[in-house]
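The primary structure of each chain is shown beneath.
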Amino acid sequence: MSDRFEEAMRRRQYLKATTVAGLVGLAGCSSIQGDTDSEPRQKDQSSQTVQNSQDEAAAESIARDPIISEQLVVAHYMSGMMPHGFPEEAPTDPALYDPSGISGQIGGAHQTIPLLRLLHGADMNPVEMAKYEMECATRFGIDGFDFYYPYTADGRAMRRYHESIVAFFEAAERFDLDFRLTLCFSHPIGPATQDEKIKTFAAPARAVMDAVGRDSSSWLRTDDGRILFYTWHPDALLDRLGTNPWLVRRRPDLVSGIAEAYYQLAEAIGVEAAWMYSMHYPDGRRAYINEVIEQFPAIKGWVSNCEEVEQWDYIAKRAQNRGTVYSQDVYGDFYDGMPKYTSSGDGIHQHEELGAVTVDEIVRDVHILDLSHNFRAQLERATERGADLINVATWNDYLEGHHVAPEINHNFGFAQLLHYYVAQWRDAPQGVPDETAIAFFKKYPWRATPDPYDVELNVEARCVRPAGEDLIEVVTILDAPATVRINEQPAANVAAGVDVVRVPMEPGPVTVRVSRDGSVVKQFTTPEWITEQPFRTDRLTYSYSSEHERLSQELFGVDATRHSSQQYAQDEDGVPNWQRDGTTTDLI
């Protein structure tokens, strides 16, 4: 992992704790960003190799029975982003997308709108919305959600999270949905003691338990009946790592204490639980990795990518040898819809601030993931590594852009890929989706300068050089070989199963035709166009498929309005929609 990416992720962890969860009294940024122990920051490569060899020799090799035998796909659910009719401060508020709206001075703070918010957000209660979301997720192979559950004393935020989470349990019971639910205890970073943090976590968690029932059949459970709780940046629950959790990667002796702290948390909540450890330091000493696998019954990553393949190959193999459940994490996109102050890196959430900040004051984070390639590669690794579970990051984090839930930019594209690869992972041919073609592209080439809303970008991770994404990519999932033609480019042969065709990016709409035996079997034109004159910075990957109408009918009904981003589609006079209609997403 690069130092720059590591530093960025440290910063993101801190900001999640301080800004999203509201912990304004934590240690200062300087102590968050730097290692403070006496060990050298990085050993030379030869010393590290020797140490890793010694660590491997010391690792346990006796296998145990995995705690869960079902092949499940669990998606992380941001509890505060449920797209029902929350107050105007909701992060899914379409008004924040509007380039002439309340945050128009920066061209619109957000570039995403959930389809469910557009269709039902103003008139659907939380339980009905939860039903819709679970049915939609199930349609694409997802079996459950782990709910973001932060360490915070912000009672208002936790009441909102409580409302959302309870709604899902109520919907699952009322409508008899076979869908697994659990909590993801997240980033307990801060100067409070371990006992104080456990109390802060446990009180609202007990309230959830009291509301939905500890014996609810909707809880995600191990084979022996315990609730399987998830974690995100878990290490700071231990006193010695409270404000410097990344030090754990060089302190394997502290891992058993972390495990014990979480079992104390389960006891404080009043449940029998097993814990899914979220590993954020795959580049740590192998003694640390091995100790995590020894102490925790399940392990997953978070937005791991092409920079960390070798590390995760090792982790998956070691977990399998030990009988520790390995969950393959997958994510398809990352573009920060939450602006940050350039000067401090602090996230900007409140409508009042978003309506006052200027373009020159903000920065957005982005990962360069080679269009859909990183997503497909991670899903393939689930099969190659023999993963027990798959963890999707995320179902609905629209502000970081790695959502698979239907939305005006991603539409159904990433969800359709997930559906296909999950069927392959489960070796379930009956689960393979119908034939489809899916286009993926950026709305404008990397070299184009948005005008007038040109926001600074911070590249946190990259699988290719940024201009390497200046392509139109079409992924086909077919029963038999065919040919694909993109716009007026020469036709390309594609095989049965999954195949990929890429051509250079060009301005205008993208038309895709799939032909077989002289007949067109799939054809579509994307509502969104590619432009060379973007008006605002926007590095989300746009996707659209041949099955958009069919899936829309299936999920939302025949009469529901169809939506998609179409900012750069032009009228007969060459005027783009964003100039004429602003936020129009309705498809005619």
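Residues numbered from 1 in each chain as written. Predicted model: local features only at pLDDT ≥ 70, side-chain atom pairs only at ≥ 80, totals over all residues. Heavy atoms only, no water.

S.K.: What is the right way to look at the nonpolar core in this model?
M.R.: Generally speaking, nonpolar side chains in soluble globular proteins are found buried as a group. In terms of nonpolar packing, the biggest core is built from 113 residues, with Met-134, Ile-142, Phe-145, Phe-185, Phe-229 and Trp-395 touching the most fellow members. Top element by residues in this core is helix H6 (residues 155–174). It accounts for nine residues. Those residues in contact with Met-134 that lie beyond four places of it in its chain are Phe-145, Phe-168, Ala-171, Ala-172, Leu-177, Phe-179 and Leu-181. (Core = buried A, V, L, I, M, F, W, Y, C linked by side-chain atoms within 4.5 Å. Buried < 20%, exposed > 50% of the residue type's maximum accessible area, 1.4 Å probe, protein only. Helix = DSSP H or I, 4+ residues; strand = E, 2+ residues; numbered from the N terminus. Contact = heavy atoms within 4.5 Å.)

S.K.: Explain the environment of Leu-119 here, please?
M.R.: Residue placement: Leu-119 occurs in helix H4 (residues 115–120). By relative accessible area, Leu-119 is classed as buried at 18%.

S.K.: Could you clarify how one ought to interpret the state of the cysteines in this entry?
M.R.: One way to say it: the disulfide is the covalent bond shared by the sulfur atoms of two cysteines. Summed over the entire model, instances satisfying the criterion amount to one disulfide. Cys-306 shares a disulfide with Cys-463; S-S distance 2.1 Å. Negative torsions about the S-S bond denote left-handed disulfides, and the value of about -110 degrees found for Cys-306 with Cys-463 makes this one left-handed. Of this pair, Cys-306 sits in the loop between strand S6 (298–300) and helix H10 (309–322) while Cys-463 sits in the loop between strand S12 (456–462) and strand S13 (471–478), and the two are 157 residues apart along the sequence. According to the relative accessible area criterion, Cys-463 is partly exposed, its value standing at 25%. (Disulfide = S-S within 2.5 Å.)

S.K.: What is the right way to look at the packing of aromatic side chains in this model?
M.R.: For any pair of aromatic rings, geometry is given as the distance between the ring centres together with the angle between the planes. Applying the stated rule across the entire model yields 30 aromatic pairs. Their ring planes at 70 degrees and their centres at 5.5 Å tell us that Tyr-77 and Phe-147 sit as a pair that is edge-to-face. Of this pair, Tyr-77 sits in strand S1 (residues 72–77) while Phe-147 is found in strand S2 (residues 144–150), placing the two residues 70 residues apart along the sequence. With respect to burial, Tyr-77 and Phe-147 carry one shared label: buried. Residues Phe-412 and Phe-556 carry aromatic rings whose centres are separated by 6.3 Å and whose planes lie at 25 degrees to one another, so their mutual orientation is stacked. One end of the pair, Phe-412, is in the loop between strand S10 (389–392) and helix H13 (413–425); the other, Phe-556, is in helix H14 (residues 548–556), and 144 residues separate them in sequence. Like Phe-412, the residue Phe-556 is buried in the burial classification. When the ring centre of Tyr-97 is taken as origin, the NZ or CZ atom of Arg-536, which lies over that ring, is 4.8 Å away. (Phe/Tyr/Trp six-rings, centres within 6.5 Å; stacked < 30°, edge-to-face > 60°. Lys NZ or Arg CZ within 6 Å of the ring centre and 35° of its normal.)

S.K.: Before we go on, may I ask you to explain the environment of Asp-239 in this structure?
M.R.: By the element assignment, Asp-239 lies in the loop between strand S4 (227–232) and helix H8 (255–269). Between the C-alpha atom of Asp-239 and that of Pro-191, which follows or precedes it by 48 residues, the distance is 8.3 Å. Not counting residues up to four positions away in its chain, the partners in contact with Asp-239 are Ala-192, Thr-193 and Gln-194. Reaching out from Asp-239, the side chain makes a polar contact with the backbone nitrogen of Gln-194 at a distance of 2.4 Å. (Polar contact = N/O pair within 3.5 Å; in protein donor to acceptor, adjacent residues only side chain to side chain.)

S.K.: I would appreciate a short explanation of H8 in the present structure.
M.R.: Each α-helix winds once per 3.6 residues, and so residues spaced three or four apart point in a common direction. With 15 residues, H8 extends 21 Å from end C-alpha to end C-alpha; this agrees with the ideal 21 Å at 1.5 Å per step. All of the buried residues along H8 are Val-255, Ile-258, Ala-259, Ala-261, Tyr-262, Leu-265, Ala-266 and Ile-269. The buried residues of H8 occupy an angular sector of 155 degrees when projected down its axis, which confines them to one face. Tucked into the core, H8 has its buried residues touching strand S3 (180–186), helix H7 (194–212), S4, strand S5 (273–278) and helix H9 (286–295). (Expected span 1.5 Å × (residues − 1). Arc of directions from axis to C-beta.)

S.K.: Just checking my understanding: could you explain the pattern of salt bridges for this structure?
M.R.: Note on pairing: side chains with opposite charge can pair once their charged atoms come close. Taken as a whole and judged by the stated rule, the model has 30 salt bridges. Two residues, Asp-210 and Arg-214, come together in a salt bridge whose shortest N-O distance is 2.9 Å. Take Arg-214: its relative accessible area is 28%, and that puts it in the partly exposed class. When the shortest N-O distance is used, the salt bridge between Lys-340 and Asp-365 registers 3.3 Å. Taken together, the positions of Lys-340 in strand S8 (residues 340–341) and Asp-365 in strand S9 (residues 362–368) put the pair 25 residues apart, joining distant regions of the chain. Taking relative accessible area as the criterion, Lys-340 reaches 5% and is therefore assigned buried. Residue class for Asp-365 comes out buried when judged on its relative accessible area of 6%. The network of salt bridges with common partners includes Arg-139, Asp-434, Lys-522, Glu-547, Arg-550 and Glu-554. (Salt bridge = Lys/Arg side-chain N within 4 Å of Asp/Glu carboxyl O.)

S.K.: What exactly am I supposed to notice about H10 here?
M.R.: Look at H10: 20 Å from first C-alpha to last across 14 residues, which is about the 20 Å you get at 1.5 Å a residue. Among the residues making up H10, those that are buried are Gln-311, Trp-312, Tyr-314, Ile-315, Ala-316, Arg-318, Ala-319 and Arg-322. Positive phi appears at Gly-323, one or two residues downstream of H10, with a value of about 85 degrees.

S.K.: How do you make sense of the sheet that holds S4 when you look at a structure like this?
M.R.: Think of a sheet as strands paired side by side through backbone hydrogen bonds, with each pair either parallel or antiparallel. One closed barrel holds the eight strands; their spatial order is S1-S2-S3-S4-S5-S6-S7-S10, and the pairing between them is parallel. For this sheet the average axis-to-axis angle between neighbouring strands, irrespective of direction, equals 30 degrees. Sheet topology places S1 next to S2; four bridges connect them, and they run parallel. Its bridge partner being in S2, His-76 is matched across the sheet by Asp-146. Docked against the sheet, H6 engages S1, S2 and S3, running at close to 165 degrees with respect to S2. On the sheet, helix H12 (residues 373–384) packs against strand S7 (325–330) and S10 and is oriented at approximately 165 degrees with respect to S7. (Pairing = 2+ DSSP bridges. Axes fitted to C-alpha atoms, helices over the stretch in contact; angles between N-to-C directions.)

S.K.: For this particular structure, what's the right way to read the sheet that holds S8?
M.R.: Across the sheet, three strands lie side by side as S8-S9-S12; this open sheet has mixed pairing. Strands with a single pairing partner mark the edges of an open sheet, and in this sheet they are S8 and S12.

S.K.: Teacher, can you tell me more about the pairing of strand S18 (residues 519–530) here?
M.R.: The side chains of a regular strand alternate between both faces of the sheet. Note that strand S17 (residues 508–516) and S18 share eight bridges and pair antiparallel. Bridging from a neighbouring strand, Ser-515 pairs with Val-520 of S18. Between S17 and S18, which pair antiparallel and follow one another directly, the connecting turn spans two residues, one of which, Asp-517, has a positive phi of 55 degrees.

S.K.: Honestly, the packing of H12 against H13 in this entry has me stumped. Any pointers?
M.R.: A packed helix pair is summarised by two numbers, namely the angle formed by the two axes and the spacing between the axes. Between H12 and H13, whose axes approach to 9 Å, the crossing angle comes to 15 degrees. Here H13 runs roughly parallel to H12, going by the angle between their axes. The way H12 lies across H13 gives a crossing that is right-handed. Judged by residue contacts, Phe-375, Arg-376, Leu-379, Glu-380, Ala-382 and Thr-383 of H12 engage Phe-414, Leu-417, Leu-418, Tyr-421, Gln-424 and Trp-425 from H13. Here the residues of the contact of H12 with H13 are counted per class, giving eight nonpolar, two polar and two charged. (Parallel < 35°, antiparallel > 145°, perpendicular 65-115°, else oblique. Left-handed = near helix turned anticlockwise from the far one by under 90°. Nonpolar A, V, L, I, M, F, W, Y, C, P; charged D, E, K, R; others polar.)

Without other data, these values stay purely geometric and don't point to any function.
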